[in-house]
Amino acid sequence: MELHLLHHPLKPTFFHQSLYSLPNTGTSVLYYIYFHASIAFNIKKFQHFYRRISFFFFFDCAGKRLLYRKASLLGCRCSSSYLEGPVQKFSSQNEGRRALMGCLLAAAAGISFCEAATAVSTSRRAVHYVAKWKGITFMTSRQGLGVGGGTPYGFDVGDSERGTVLKGLDLGVEGMRVGGQRLLIVPPELAYGNKGVQEIPPNATIEYIGKVKHAVFHTQKAARKRVVVSTEENVVASLDLRHGEICGYCHIFADVITLSSGGSVLRAWNLPDGQMVWESTLLGSKASKPLLLIPTNLKVNRDNVLFVYGNGFIHAVATIDGEVIWKKELASEGVDVQQLIYPDGSDTLYAVGLLGLSQFDVYQLDVKSGELLRHYNMLFPAGFSGDLSFVSDDTAVAMDSTGTALVAMHFQDGQISFHQTDVSQLIQDFSGGAVILPSKIAGSFILKLDSSIVFIKVRNDGKLEVVGRLGHADAVSDALSLSDGQQAFSLIQHGDGKIILTVKLSNDWTSNVIEETTQMDHQRGLVHKVFINSYVRTDRSNGFRALIVMEDHSLLLLQQGEIVWTREDGLASIMDVKASELPVEKDGVSVAKVEHNLFEWLKGHLLKLKGTLMIATPDDVAAIQKMRLQSSEKSKMTRDRNGFRKLLIVLTRAGKLFALHTGDGRIVWSLLLNTLRKSETCENPRGISLHQWQDPHHHALDENPSVLVVGRCGHTSDSAGVLSIVDTYTGEERNHMGPVHSIAHIIPLPFSDSMEQRLHLLVDANGHAHLYPRSAEALGIFQRELGNIYWYSAETDKNILRGHGVRKNCVLEVSDEFCFDTRDLWSIVFPSESEKIAATATRCLNEVVHTQAKVTADQEVMYKFISKNLLFLATVAPKAVGPIGSVTPDESSLVVYVIDTVTGRILHRMTHHGSQGPVQAVFSENWVVYHYFNLRAHRYEMSVIEIYDQARADNKEILKLVLGTHNLTSPITAYSRPKSSRSHSLIFSHIP
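For clarity, every value in this text was computed on a predicted model and none was experimentally measured.

Basis of the calculations
- Residues numbered from 1 in each chain as written.
- Predicted model: local features only at pLDDT ≥ 70, side-chain atom pairs only at ≥ 80, totals over all residues.
- Heavy atoms only, no water.
- Helix = DSSP H or I, 4+ residues; strand = E, 2+ residues; numbered from the N terminus.
- Buried < 20%, exposed > 50% of the residue type's maximum accessible area, 1.4 Å probe, protein only.
- Polar contact = N/O pair within 3.5 Å; in protein donor to acceptor, adjacent residues only side chain to side chain.
- Disulfide = S-S within 2.5 Å.
- Pairing = 2+ DSSP bridges.
- Axes fitted to C-alpha atoms, helices over the stretch in contact; angles between N-to-C directions.
- Salt bridge = Lys/Arg side-chain N within 4 Å of Asp/Glu carboxyl O.
- Phe/Tyr/Trp six-rings, centres within 6.5 Å; stacked < 30°, edge-to-face > 60°.
- Lys NZ or Arg CZ within 6 Å of the ring centre and 35° of its normal.
- Core = buried A, V, L, I, M, F, W, Y, C linked by side-chain atoms within 4.5 Å.
- Contact = heavy atoms within 4.5 Å.

> Would you take a moment to explain the side chain of R645 for this structure?
Relative to the elements of secondary structure, R645 occurs in the loop between α7 (618–631) and β45 (646–652). Residue classification places R645 among the buried positions, given a relative accessible area of 8%. Reaching out from R645, the side chain makes a polar contact with the backbone oxygen of T638 at a distance of 2.7 Å.

Structure follows, in structure tokens:
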């Protein structure tokens, strides 16, 4: 996704201005509550954070005014507010002392507020308010008749203890005067907490955005400092530079232009509220590299214009409404366009690219009409390799096809010239393996060698000159224009647990503007990208901040050698999740006291004392809030009575494991797996799935639970596999294997060894099944159960469902007693002209069935059909594979099956006409719940299938019970027995 920031707003909004322009009605003014989702950060380092519902209160009191005596004045300023008004003054005696105490006590409680005013000493309060969440008004006192509209909300001080008013509101009105206005920021524990209200969900979760690809800083003095980013998850977000949180109301009077879907979808976004302003679909005839160019001062018919190349066409689009002014096709020419160039002040647009691997082409078009003015090209017989790197508006550089020479291409006034230079002439110790790094530094480019990077300048005559060399650099930023007309760029060097940020001027390669060293957690991996921004220090010199994208997809902001904030955006790309039980709290042992040593205990009491004495700093207040959260019951690292408190083990696409606490959502530990990092033996690693490996809580074993992490060294099923075993309590990697055989299927088996390690079968691309763990005990258990092991595979591309079993040991060149041949037992071929496999679901292996019977309202006993080998499968019509609405109801249908994977029998089949996916299903005990979309009714629906054992129902005869020929005590249902099924649908009109 391409991302650009426009500094001329399309639809500016003035949120703050609307607050300050509120009319003063004397006895009652607006009581404004603004709800938004804020982020609570860890102390100083801001390493772990989680999303919580918070409230913005802006209100005025209504009532009788009071008279005050002159007294000394004290100031109280809001430390975390979006309003930056002057420091308010209030009396330090009588009501003034009450106002000051209210301000400080509220701050200690986690409430921040602005515009504190002289206090009201009465215990009764009457306020007007408007409550909003994400810009939506869900509650207000202004509804009603009269000039002011509505009736003020009245309550007594202390009503929050009785549950009749929010705790945050009760504390927040302390010290207010009649007619005063106030904006409060109230944490969720002093508001609705985990209950939610109307549109506000309970315990809102983190909004992760994914790995950042592009970033644009916006740090104008008139606006709050932000950085707008686009990610690999197709997300555009505006982040506050102070805290890294996603800004709901960003006061940036500018717009963001994004290009996605291979250059076919162009959108404009309004930054103040994140709303999409317009969208244009740019169709074409051939897939191509998408390019976006936004000239600074170019108007066509009074409209600002931007240029897009995608799908073989160049489009000129108006920035005001997204209308396509003109388009020109270049796909028929067969040229791979790699750059759009518009020289300032000209009437010509240049499209530059390559035809094949040896021809350099330049197109000149009229910017107002799109008319082709000139097309010229030149052949380079030796050929090119890689993409072109543009160092100016008329010069590009590329490697030749051998990778040993650099070619500078100069194009101007219809003329093209090549200048070839061997890399060995520039670098004496060159031995091959050079790559041009993608960077945008005027007049220069960067050449990466095996052990160093070289800065090369392109002179006016096309000759190349080495101007600098460094040992290594993990990432290089684009050039940044400074206020004095110079350009600067940054280099990141990473190693030995630290990051070195170096900023250089493009015209001075020998010296450094700054060089800062920052300690870095090794669990974040290497630096992948860096974006820099400048600011003016107090001594009028240039300072720099760097936004860094790490290997684990996390995002960091560095400034003055410190990490300002971090975001764990790798959690936006989750591959698999497994729940792990927490340990049982032992009698007589307080886990909280064990986890906190004496120093932490004393530190906590000191912080509480400072808060009581009202001398706590903002950092102290944040530490107090953190302690309160950690000491709460839901954040304990032990199992609760109902078993709801667990650890969620999460595997991300970046190959990083996280342990998330279900009580408060915090990150307990994280681990970047070495087996899922790029290496010489594993070029393209990727995680596949998580599986429970060891679960020793059933026995009194001195072992922690662990999970098996399965990955591949490629994107196909025949790629070599990698395995890791990780402790779920500590995040320690116990063991790792790989690269090993390919991994096409992972079959967890319902057997465990004496150490509670679950047996697994890993089936490779050749159909061989490999047993893990590779121990004699596991092999003995597996051989005893050899005839009772079955599994299935769904070949979605061929529309076939197959059942498999184990036969005997593999016959390989190298003998392996843990390898077994497999055999096909049955297959179901679905007609490709009418059905396409859409979803499958099975029961959880460790699921506990609490009762085997169900009693209906008429006291009839129905016995559940319990089998661990049942499979739910859903198919849709081939035309209904696309998104909702892409097919008519008459062309769409959804068919669901319940299949016995041992015999291949279809136990149940049902058709939903006029319905389509996506299908989500949950299979438990004897029932399946699945979710789909009904095209005829234009709504989402859920259906339930229940399967019962008719054979057990027939055992009601007294004779069978007396003779003992019944099967009521059987733990599972016999496969050959007949069954009965029931199904019904539930209708939900607003299920997302």
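> Help me understand the state of the cysteines, please; the structure alone is not making it clear to me.
In protein chemistry, a disulfide is the covalent bond that joins the sulfur atoms of two cysteines. Across all of its chains, the model carries two disulfides by this definition. Disulfide partner of C682: C713, at an S-S distance of 2.1 Å. On the sign convention where negative means left-handed, the S-S torsion of about -115 degrees between C682 and C713 marks this disulfide as left-handed. Taken together, the residues span a long stretch of sequence, with C682 in the loop between β47 (667–672) and β48 (686–694) and C713 in the loop between β49 (706–712) and β50 (720–727) at a distance of 31 residues. For the pair C682 and C713, a shared accessibility class is recorded, and that class is buried. In this model, C810 is linked to C819 through a disulfide, with the two sulfur atoms separated by 2.0 Å. Taking the torsion about the S-S bond as the criterion, the C810 to C819 disulfide, at about -75 degrees, is left-handed. Classification of C810 by relative accessible area gives buried; the value is 11%.

> What am I meant to see in the sheet that holds strand β61 (residues 870–876) here?
Paired through their backbone hydrogen bonds, the strands of a sheet run either parallel or antiparallel. If you trace the four strands from one edge of the open sheet to the other, you get β58-β61-β62-β63, paired in antiparallel fashion. Looking at strand neighbours, the two that pair on one side only are β58 (836–842) and β63 (906–913), the edges of this open sheet. Each strand axis lies, on average, 15 degrees off the axis of its neighbour in the sheet, ignoring direction. Of the pairings in the sheet, the one linking strand β62 (residues 893–900) to β63 comprises seven bridges and is antiparallel in character. Bridging across to β63, V898 finds its partner in H908.

> I'm lost on the pattern of salt bridges in this one. Help?
Any two side chains of opposite charge can pair, given that their charged atoms come close. A full pass over the atoms with the stated rule returns 23 salt bridges. Residue R242 is joined to D240 by a salt bridge in which the shortest nitrogen-to-oxygen separation is 3.3 Å. Taking relative accessible area as the criterion, R242 reaches 37% and is therefore assigned partly exposed. Where E795 meets R802, a salt bridge forms, and the shortest distance between an N and an O atom there is 2.8 Å. Assessed through its relative accessible area of 22%, R802 is described here as partly exposed. Through salt bridges with shared partners, one network takes in R524, D552, E568 and K656.

> Sorry, what's going on with the pairing of strand β28 (residues 395–400) here?
Consecutive side chains of a regular strand alternate in pointing toward one face of the sheet and then the other. Burial analysis of β28 places six of its six residues in the buried class, the great majority of the element. The pairing of strand β27 (residues 384–392) with β28 spans five bridges and is antiparallel. Within the sheet, the bridge partner assigned to F384 lies in β28 and is D400. Between β27 and the antiparallel strand that follows it, β28, lie two residues. Bridge analysis of β28 against strand β29 (residues 405–412) gives five bridges, and the strand direction is antiparallel. Bridge assignment links V397 to a residue of β29, and that residue is A408. In textbook terms, the turn of a hairpin is the stretch between consecutive antiparallel strands, and for β28 and β29 this stretch comprises four residues, one of which, G403, has a positive phi near 75 degrees.

> Sorry if this is basic, but what is going on with the packing of aromatic side chains here?
The relation between two aromatic rings is expressed through the spacing of the ring centres and the mutual angle of the planes. Under the defined criterion, the tally for this structure stands at 12 aromatic pairs. Centroid distance F307 to W326: 6.0 Å. Interplanar angle 45 degrees. Geometry classified as tilted. With F307 in strand β20 (residues 303–310) and W326 in strand β22 (residues 324–329), the pair connects residues that are 19 residues apart, well separated along the chain. Centroid distance F782 to F820: 4.7 Å. Interplanar angle 55 degrees. Geometry classified as tilted. With a gap of 38 residues between them, F782 in helix α8 (residues 776–784) and F820 in strand β57 (residues 819–829) connect regions that are remote in the sequence. Taking the relative accessible area as the measure of exposure, F820 reaches 1% and is therefore buried. Site record: aromatic cluster; members linked through ring pairs are F360, F380, F384, F411 and F418. Above the ring of F313, the side-chain terminus of K327 is found at 5.0 Å from the ring centroid. Over the aromatic face of Y772 sits the side chain of R774, whose NZ or CZ is 5.7 Å from the ring centroid.

> Any chance you could explain the nonpolar core here in plain terms?
Soluble globular proteins tend to pack their nonpolar side chains together in the buried interior. In this structure, F872, L894, V896, V919 and Y930 are the most contacted members of the largest nonpolar core, which totals 23 residues. Only β58, β61, β62, β64 (915–924), β65 (927–934) and β66 (939–949) provide two or more residues apiece to this core. Discounting chain neighbours no more than four positions away, the residues touching F872 are A839, T840, A841, V896, Y897, V919, A921, F923, V928 and Y930. The next biggest cluster of nonpolar side chains, apart from the first, holds 21 residues, and it includes L480, A546, M550 and L556.

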